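Structural characterization, general
So the chains spell out like this:
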Amino acid sequence: MVEDSEIQDLITWSENGDVFRVFNPTAFSKNVLPRYFKHSNWQSFVRQLNMYGFNKVNDMIHSNLRNENQIWEFRHPHFQRGAVEDLRNIKRKSVRSLRATAPLSVTESDVQRSEMLHQNYANLVDRVTRMNTGFETLFDEVSFLRSVVLKQQEYMEEIIQALALIGPNVSGKLLPFSRFRKWKCLLLQRSN
């Protein structure tokens, strides 16, 4: 690809032949990548270069930010102009070696984010504890109310049975209220 004279305006060797340059990543992705790869994604191309040990040489901070004016330079110790035999030494890095060589740098924002996550975790634990306590209180109250309702249901059944014993008088009417009061007193004595 670097040797292809038709695309020298998009990719070429440096003067020393130890670095290759890509001009205008947008045009490169659109016109060159589909010829050599199954995609036309610039970021995927850069990731693949990194996985095979290529390093970006130039500092993009000082480069023009417009994509068509950007120049990206990459270097690999075994990728040199004319050194075809060295190409067999370019191998894909294993996942294990990528993890081992990845720099572990902790920034102040990482520390702040970690402290914030720790505080959020502590707040969640506190909320769950309070919710659990509230749940236990509600459970105890519901159990108590259930026992009260059961007792009331039992009393209602006893009253209905007592009324059934009193029954209607001979004319089919209920007994007068004064007689009901007698039964009520008897029921109260029985429950105590």
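The text that follows walks through the structure, step by step, so that each part is easy to find. Quick caveat: nothing in here was measured; it's all calculated off a predicted structure.

Looking at the overall build of the protein
Each helix and strand in the protein was counted, giving 6 helices and 4 strands. Listed N to C, the secondary structure of the protein is β-β-α-α-α-β-β-α-α-α in terms of helices and strands. When each of the 192 residues of the protein is scored for burial, the buried share is 23%. In the protein, the proportion of contacts linking residues at least 24 apart, taken out of those at least 6 apart, comes to 45%.

A short note on the sheet that holds strand β2 (residues 19-23)
Taken in spatial order, the 4 strands of this open sheet run β1-β2-β4-β3, and their pairing is antiparallel. Looking at the sheet topology across the chains shown, the edges are occupied by β1 (11-13) and β3 (55-56). The pairing of β2 with strand β4 (residues 71-75) spans 5 bridges and is classified as antiparallel. Among the inter-strand pairings, Phe20 is bridged to a residue of β4, identified as Phe74. Strands β2 and β4 of the sheet are contacted by helix α3 (residues 42-51), whose axis makes an angle of about 20° with β4.

Quick notes on the packing of aromatic side chains
Summed over all chains, the structure comprises 13 aromatic pairs. Centre to centre, the rings of Phe28 and Trp42 are 5.8 Å apart; their planes meet at 90°, and the pair counts as edge-to-face. Of this pair, Phe28 sits in helix α1 (residues 25-31) while Trp42 sits in helix α3, and the two are 14 residues apart along the sequence. Owing to a relative accessible area of 0%, Phe28 belongs among the buried residues under this scheme. Its relative accessible area of 10% is what places Trp42 among the buried residues. An aromatic cluster is defined as three or more aromatic residues linked by ring pairs; in this entry it consists of Trp13, Phe20, Phe28, Phe37, Trp42, Phe45, Phe54, Trp72, Phe74 and Phe79.

Structural notes on the nonpolar core
Grouped together as the largest cluster of nonpolar side chains are 20 residues, with contacts concentrated most on Phe20, Phe28, Trp42 and Phe74. If you list the elements that add at least two residues to this core, you get β1, β2, α1, α3 and β4. Counting residues per element, this core draws most heavily on α3, which supplies 4 residues. The contact partners of Phe20, leaving out residues within four places of it in the chain, are Val2, Ile11, Thr12, Trp13, Leu49, Phe54, Trp72, Glu73, Phe74 and Phe79.

Thoughts on unusual backbone geometry
Unusually for a residue other than glycine, Asn24 sits at a positive phi of about 50°. Along the polypeptide, Asn24 turns up in the loop between β2 and α1. When its relative accessible area of 18% is taken as the criterion, Asn24 is described as buried.

Thoughts on the pattern of salt bridges
Across all of its chains, the model carries 5 salt bridges by this definition. Residues Arg35 and Asp4 are paired through a salt bridge, measuring 3.7 Å at the closest nitrogen-oxygen approach. Pair noted here: Arg35 is in helix α2 (residues 33-36) and Asp4 is in the segment before β1, with a separation of 31 residues, a long-range link. The exposure class assigned to Arg35 is partly exposed, which follows from its relative accessible area of 47%. Residue class for Asp4 comes out buried when judged on its relative accessible area of 19%. Here the salt bridges share partners, and the residues they tie into one network are Glu15, Arg21 and Glu73.

A few points about α3
Restricting attention to buried positions, one finds in α3 the residues Trp42, Ser44, Phe45, Val46 and Leu49. Contact partners of the buried residues in α3: β2, α1, α2 and β4. The backbone nitrogen of Gln43 has a side-chain oxygen 2.9 Å away, supplied by the residue at the start of α3, namely Asn41. Of the residues flanking the end of α3, it is Gly53, one or two places downstream, whose phi is positive at about 90°.

The rules we used
Residues numbered from 1 in each chain as written. Predicted model: local features only at pLDDT ≥ 70, side-chain atom pairs only at ≥ 80, totals over all residues. Heavy atoms only, no water. Helix = DSSP H or I, 4+ residues; strand = E, 2+ residues; numbered from the N terminus. Buried < 20%, exposed > 50% of the residue type's maximum accessible area, 1.4 Å probe, protein only. Contact = heavy atoms within 4.5 Å. Pairing = 2+ DSSP bridges. Axes fitted to C-alpha atoms, helices over the stretch in contact; angles between N-to-C directions. Phe/Tyr/Trp six-rings, centres within 6.5 Å; stacked < 30°, edge-to-face > 60°. Core = buried A, V, L, I, M, F, W, Y, C linked by side-chain atoms within 4.5 Å. Salt bridge = Lys/Arg side-chain N within 4 Å of Asp/Glu carboxyl O. Polar contact = N/O pair within 3.5 Å; in protein donor to acceptor, adjacent residues only side chain to side chain.

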